[in-house]
Amino acid sequence: MASGPESGRAAGAAPTRRRFVRVAAAVAAGSAGLGVGLGRLLGVRPDAPPVVAEPTLQPNAGEWRAVVASKDLPEGGVRPFELGAVVGFVERTGGQLRGVSGVCTHLGCRLALDAPSRELNCPCHRASFAVSGEVLRHQLPIALPALPRLLVRESDGVVQVFVPSSGAM
Ligand code: FES
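If you're wondering where the values come from, they're calculated on a predicted model, not measured in any experiment.

## Points about the overall build of the protein chain
When helices and strands are counted, the protein chain shows one helix and twelve strands. Taking all 169 residues of the protein chain together, 30% fall into the buried category. Taking the contacts inside the protein chain whose residues are at least 6 apart along the sequence as the reference set, 61% of them involve residues at least 24 apart.

Next up, the structure:
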């Protein structure tokens, strides 16, 4: 049965994976659109400081899914994962786990991990993000939103990400 990331969530709503993907796309598109609008309004240059206030993608109904064994994500480690429509990266820094979307916030291209530099690179228009989600650099004439974060936890020696339920499509 699908459930929220915490107990007590209403079971009547029927959010789906599609909705989650739409929300993710809307966040990216909306943020990009907002970036364009605000950028023009405020005269923000393409080389302006990155946006760091990224939202957390949280499906209304979902499940915790294993993405990597804890032992395979040591301090400083980064691992990509793919769970159906959800792709992303998990990382451990300072003992803290973090997960981010693996989809570029510009036009949705899939990001590639450069493990030595701990950067997520977009092959489409050469934007680069930190594994924490912040924008490192790009050459776009608009502000580029940071990567949305994903809910991550560690349980019984496994790193898990909260994603839409597989049966909720
Ligand atoms: S889609 Fe990633 S920079 Fe354009």
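## Thoughts on the confidence of the model for the protein chain
Chain-level statistics for the protein chain give a pLDDT mean of 78 and a share of 66% at 70 or above. Segment residues 19–53: pLDDT under 50, and 46 contacts once partners within four positions in sequence are set aside and those in other chains are kept.

## What to know about the environment of Ser 166
For Ser 166, the location among the structural elements is in the segment after β12 (158–164). For Ser 166, a count of 13 C-beta atoms within 10 Å translates into the label partly exposed. Once the C-alpha coordinates of Ser 166 and Leu 83 are considered, the two residues, 83 residues apart in sequence, prove to be 9.2 Å apart.

## Focus: the nonpolar core
Looking at soluble globular proteins, one finds that nonpolar side chains tend to be buried together. Ranked by internal contacts, the top residues of the largest apolar core, which has 25 residues, are Val 90, Leu 111, Ala 127, Phe 129, Leu 150 and Val 161. Taken together, the elements giving at least two residues each to this core come down to β4 (86–93) and β12. Sorting elements by how many residues they give to this core places β12 first, with four residues. Setting aside its immediate chain neighbours within four residues, Ala 127 contacts Cys 104, His 106, Cys 122, Val 135, His 138, Leu 140 and Leu 144.

## Some points on the pairing of β12
Burial of β12 is extensive: six of the seven residues sit out of reach of the surface. Here strand β2 (residues 62–69) pairs with β12 via seven bridges, running antiparallel. If you follow Ala 66 over to β12, its bridge partner there is Gln 160. Two elements, strand β11 (residues 152–155) and β12, share four bridges in a ladder whose sense is antiparallel. Residue pairing across strands places Arg 153 opposite Gln 160, the latter belonging to β12.

## Focus: the sheet that holds strand β5 (residues 96–101)
The five strands are arranged β1-β10-β5-β4-β3 in an open sheet whose pairing can be described as mixed. Each end of this open sheet is capped by a strand with a single partner; those strands are β1 (56–57) and β3 (78–83). The sheet contact formed by β1 and strand β10 (residues 149–150) spans two bridges and is parallel. Residue pairing for β10: Leu 57 is matched across the bridge by Leu 150.

## Some details on unusual backbone geometry
Although it is not a glycine, Arg 126 adopts a positive phi angle of roughly 65 degrees. Mapping Arg 126 onto the fold places it in the loop between β7 (119–121) and β8 (128–130). With a phi angle near 50 degrees, Asp 156 is a residue other than glycine that sits in the positive phi range. Mapping Asp 156 onto the fold places it in the loop between β11 and β12. For Asp 156, a count of 7 C-beta atoms within 10 Å translates into the label exposed.

Rules behind the numbers
- Residues numbered from 1 in each chain as written.
- Predicted model: local features only at pLDDT ≥ 70, side-chain atom pairs only at ≥ 80, totals over all residues.
- Helix = DSSP H or I, 4+ residues; strand = E, 2+ residues; numbered from the N terminus.
- Buried ≥ 20, exposed ≤ 12 C-beta atoms within 10 Å, placed from the backbone.
- Contact = placed C-beta atoms within 7 Å.
- pLDDT = per-residue confidence, 0-100.
- Core = buried A, V, L, I, M, F, W, Y, C linked by C-beta atoms within 7 Å.
- Pairing = 2+ DSSP bridges.

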